[in-house]
Amino acid sequence: MDRYMSTVGIDYKTKIIEVDGKMVRLEIWDTAGQERYRTLTASYYRGAMGILLLYDITCLASFNSLSNWYENIKDNAAEDVVVMLGGSKADQETQREVEQDRAVKFAEYHGMEHSNLCAKTNLNIDTAFKCIAEQMLRKKTASVVVENKPNIRVPPSKPAEKLWCSC
């Protein structure tokens, strides 16, 4: 039997990655998209420079709620926040309920990159974070670089290697 820990409530992690020769520290706030934390999640958006918006490829209802989550991001995050769409549970392709093409079209419509990923197998996790960090650095947001050590917040997230991201 496979065992892994799902997020209950809000989880916080830091991750250091290298982007363009610079060490970048990501502060990752994982809210697991739970409806009961929606009002709390909005406050995390305010300080975010990048957001990994996830849906479960095996659950059409999670995909259908993306528009609401995206509106919440637009209402609460900075105008220049980087948002990337991720289809989680990529290891369960045979149970897929959300068509790949539909997810890609949603991402394109909203100007986002898209990647399928799996936290359980670590598929596309590092690449998604790197893709978001690269986009944030390209925007050259003044508050990103502090003493040559960028500090980037990436709330709510579930970690993401590259499948659809063009970074």
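See the structure above.
Analysis parameters
- Residues numbered from 1 in each chain as written.
- Predicted model: local features only at pLDDT ≥ 70, side-chain atom pairs only at ≥ 80, totals over all residues.
- Heavy atoms only, no water.
- Pairing = 2+ DSSP bridges.
- Helix = DSSP H or I, 4+ residues; strand = E, 2+ residues; numbered from the N terminus.
- Axes fitted to C-alpha atoms, helices over the stretch in contact; angles between N-to-C directions.
- Contact = heavy atoms within 4.5 Å.
- Polar contact = N/O pair within 3.5 Å; in protein donor to acceptor, adjacent residues only side chain to side chain.
- Salt bridge = Lys/Arg side-chain N within 4 Å of Asp/Glu carboxyl O.
- Buried < 20%, exposed > 50% of the residue type's maximum accessible area, 1.4 Å probe, protein only.
- Right-handed = clockwise from strand over helix to strand, strands pointing away.
- Phe/Tyr/Trp six-rings, centres within 6.5 Å; stacked < 30°, edge-to-face > 60°.

In space, the three strands of this open sheet follow the order β3-β4-β5, with parallel pairing throughout. The outermost strands of the open sheet, each flanked by one partner alone, are β3 (50-56) and β5 (113-116). With strand direction ignored, the average angle separating the axes of adjacent strands in the sheet is 25 degrees. Of the pairings in the sheet, the one linking β3 to strand β4 (residues 82-88) comprises seven bridges and is parallel in character. When the sheet's bridge partners are listed, Tyr55 is paired in β4 with Gly87. With respect to the sheet, helix α4 (residues 100-109) is in contact with β3, β4 and β5, its orientation differing from that of β5 by roughly 150 degrees.

As for its position among the elements, His114 is in strand β5. Side-chain polar atoms of His114 contact the side chain of Tyr55, separated by 2.9 Å.

Further remarks concern the pattern of salt bridges. Charged atoms that come close allow side chains of opposite charge to pair. Applying the stated criterion to the full structure yields six salt bridges. The salt bridge partner of Lys13 is Asp11, with a shortest N-O separation of 3.9 Å. Residue classification places Asp11 among the partly exposed residues on the basis of a relative accessible area of 29%. Between Arg96 and Glu93 there is a salt bridge whose closest N-O contact spans 2.8 Å. The class for Glu93 is partly exposed, based on a relative accessible area of 44%.

The buried count for β4 comes to seven of seven residues, which makes it a mostly enclosed element. Residues Val82, Met84, Gly86 and Ser88 point to one face of β4 and Val83, Leu85 and Gly87 to the other, with burial holding for every one of them. Strand direction decides the pairing type here: β4 and β5, joined by four bridges, are parallel. The partner of Gly87 across the bridge, within β5, is Asn116. At this point the chain moves from β4, through α4, to the parallel β5, and the crossover so formed is right-handed.

Counted by the stated rule, this structure contains four aromatic pairs. When the centroid spacing of 4.4 Å and the interplanar angle of 50 degrees are considered together, the rings of Tyr12 and Trp29 count as tilted. Placement of Tyr12 in strand β1 (residues 11-19) and of Trp29 in strand β2 (residues 22-30) is noted, with a sequence separation of 17 residues between them. For Tyr12, a relative accessible area of 36% corresponds to the partly exposed category. Between Tyr55 and Phe63 the ring centres are 5.2 Å apart and the planes differ by 80 degrees, which places this aromatic pair in the edge-to-face class.

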